[in-house]
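Here's the letter readout for the chains.
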Amino acid sequence: MKVIFFVVAASLAVLSAVTWAENPCANGPPNSKNPAECCNTPMLLDKEIMMDCYQKFGEQTKRQLKMEGVPRGCCIAECGLNATGLYSNGMVNREGLTTMFMDAVKDMPDWQNLVRNTMDECFKMAESMKDVIEAGSKLEPSFEGEMICHPISGTILRCMGMNLYANCPASIYKGGDECDQLKEYSKMCPIM
């Protein structure tokens, strides 16, 4: 179940500020260890919603990940937040999203402060990237059938996934060379 979070998080890698050729994430994780074996992060969004969105937009997102230029919005993320009613017209309902994420960890005391603090950090980061996000929202389709989604949803969800994994609580984190490599990698890139 937690592996789904990593599949979705990996799909949210659309908002890299560098071109594909310079992307440090382009080659994927440094090893093949299952990330959930290192840190079992909480599922913040309903897995059925996210898997449905991945089914609809996964192939498009994979194709977009290889494109250079202004980062494109992640339709998987927008689809997920649309389904929760927490996204509309380029705006994420921060209060509602915080409530939903905190409800997801209500029985996980080790994650509560980290989720709350990471939400604050991710919204600040999105605010600092507002020009890039706005530019991504105005892109035209570059291939037949491409849907253009606003980048704000992917920015927030990608940030949450990367930071929760990178800052996995010591009480949950398993450690070891491969896990340590994945943790370092996750500070820059979503875990695949």
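Please refer to the structure placed before this passage.
About the cut-offs
Residues numbered from 1 in each chain as written. Predicted model: local features only at pLDDT ≥ 70, side-chain atom pairs only at ≥ 80, totals over all residues. Heavy atoms only, no water. Axes fitted to C-alpha atoms, helices over the stretch in contact; angles between N-to-C directions. Helix = DSSP H or I, 4+ residues; strand = E, 2+ residues; numbered from the N terminus. Parallel < 35°, antiparallel > 145°, perpendicular 65-115°, else oblique. Left-handed = near helix turned anticlockwise from the far one by under 90°. Contact = heavy atoms within 4.5 Å. Nonpolar A, V, L, I, M, F, W, Y, C, P; charged D, E, K, R; others polar. Buried < 20%, exposed > 50% of the residue type's maximum accessible area, 1.4 Å probe, protein only. Phe/Tyr/Trp six-rings, centres within 6.5 Å; stacked < 30°, edge-to-face > 60°. Lys NZ or Arg CZ within 6 Å of the ring centre and 35° of its normal. Disulfide = S-S within 2.5 Å. Salt bridge = Lys/Arg side-chain N within 4 Å of Asp/Glu carboxyl O. Arc of directions from axis to C-beta.

Visitor: Which parts of the structure should I look at to understand the packing of helix α3 (residues 47-65) against helix α4 (residues 75-84)?
Guide: If you want to describe how two helices pack, look at the angle between their axes and the distance between the axes. Two numbers describe how α3 lies on α4: the axes approach to 8 Å, and their chain directions differ by 155°. When the axis of α3 is compared with that of α4, the two are roughly antiparallel. Every pair of crossing elements has a handedness; the one defined by α3 and α4 is right-handed. Counted together, Ile 49, Met 50, Cys 53, Tyr 54, Phe 57, Gly 58, Gln 60 and Thr 61 of α3 and Cys 75, Ile 76, Cys 79, Gly 80, Ala 83 and Thr 84 of α4 form the full contact between these two elements. Across the contact of α3 with α4, the residue classes tally to nine nonpolar, five polar and no charged.

Visitor: Would you explain the environment of Gly 154 in this entry?
Guide: Within the secondary structure, Gly 154 sits in helix α8 (residues 152-166). On the accessibility criterion, Gly 154 (1% relative accessible area) is buried. The spacing of Gly 154 and Cys 79 is 75 residues in sequence and 9.9 Å in space, taken between C-alpha atoms.

Visitor: Mind showing me how you'd approach the packing of aromatic side chains here?
Guide: Note on aromatic pairs: each is described by the distance of the centres and the angle between the planes. Applying the stated rule across the entire model yields zero aromatic pairs. When the ring centre of Phe 143 is taken as reference, the NZ or CZ atom of Arg 63 above it lies at 3.9 Å. Sitting over the face of the ring of Tyr 173, Lys 183 holds its NZ or CZ atom 4.1 Å from the ring centroid.

Visitor: Sorry, what's going on with the state of the cysteines here?
Guide: Formally, a disulfide is one covalent bond, and it connects the sulfur atom of one cysteine to the sulfur atom of another. Here the structure, examined in full by the defined rule, presents five disulfides. Here Cys 53 is linked by a disulfide to Cys 79, with a sulfur-sulfur distance of 2.1 Å. Because the torsion about its S-S bond is -75°, the bridge between Cys 53 and Cys 79 counts as left-handed. With Cys 53 in helix α3 and Cys 79 in helix α4, this pair connects stretches of sequence that are 26 residues apart. For Cys 53, a relative accessible area of 1% corresponds to the buried category. Residue classification places Cys 79 among the buried positions, given a relative accessible area of 14%. With no disulfide partner, Cys 74 has as its closest neighbouring cysteine sulfur the one in Cys 75, 6.9 Å distant.

Visitor: Sorry, what's going on with the pattern of salt bridges here?
Guide: Between side chains of opposite charge, a pair can form when the charged atoms approach closely. Considering all chains together, one arrives at eight salt bridges under this definition. The salt bridge partner of Glu 146 is Arg 72, with a shortest N-O separation of 2.5 Å. In this pair, Glu 146 is assigned in the loop between α7 (130-137) and α8 and Arg 72 in the loop between α3 and α4, connecting sequence segments 74 residues apart. Like Glu 146, the residue Arg 72 is buried in the burial classification.

Visitor: Honestly, unusual backbone geometry in this entry has me stumped. Any pointers?
Guide: Among all residues except glycine, the phi angle is most often negative; among peptide bonds, the trans geometry is most common. Positive phi outside glycine occurs at Asn 89, with the angle close to 50°. A relative accessible area of 74% means that Asn 89 is categorised as exposed.

Visitor: Looking at this structure, I do not really get helix α9 (residues 177-186). What am I missing?
Guide: An α-helix turns once every 3.6 residues. As a result, residues three or four positions apart point the same way. All of the buried residues along α9 are Cys 179, Leu 182, Lys 183, Tyr 185 and Ser 186. For α9, the angular spread of buried residues about the axis comes to 165°, placing them on one side. Buried residues in α9 make contact with α2 (35-38) and α8.

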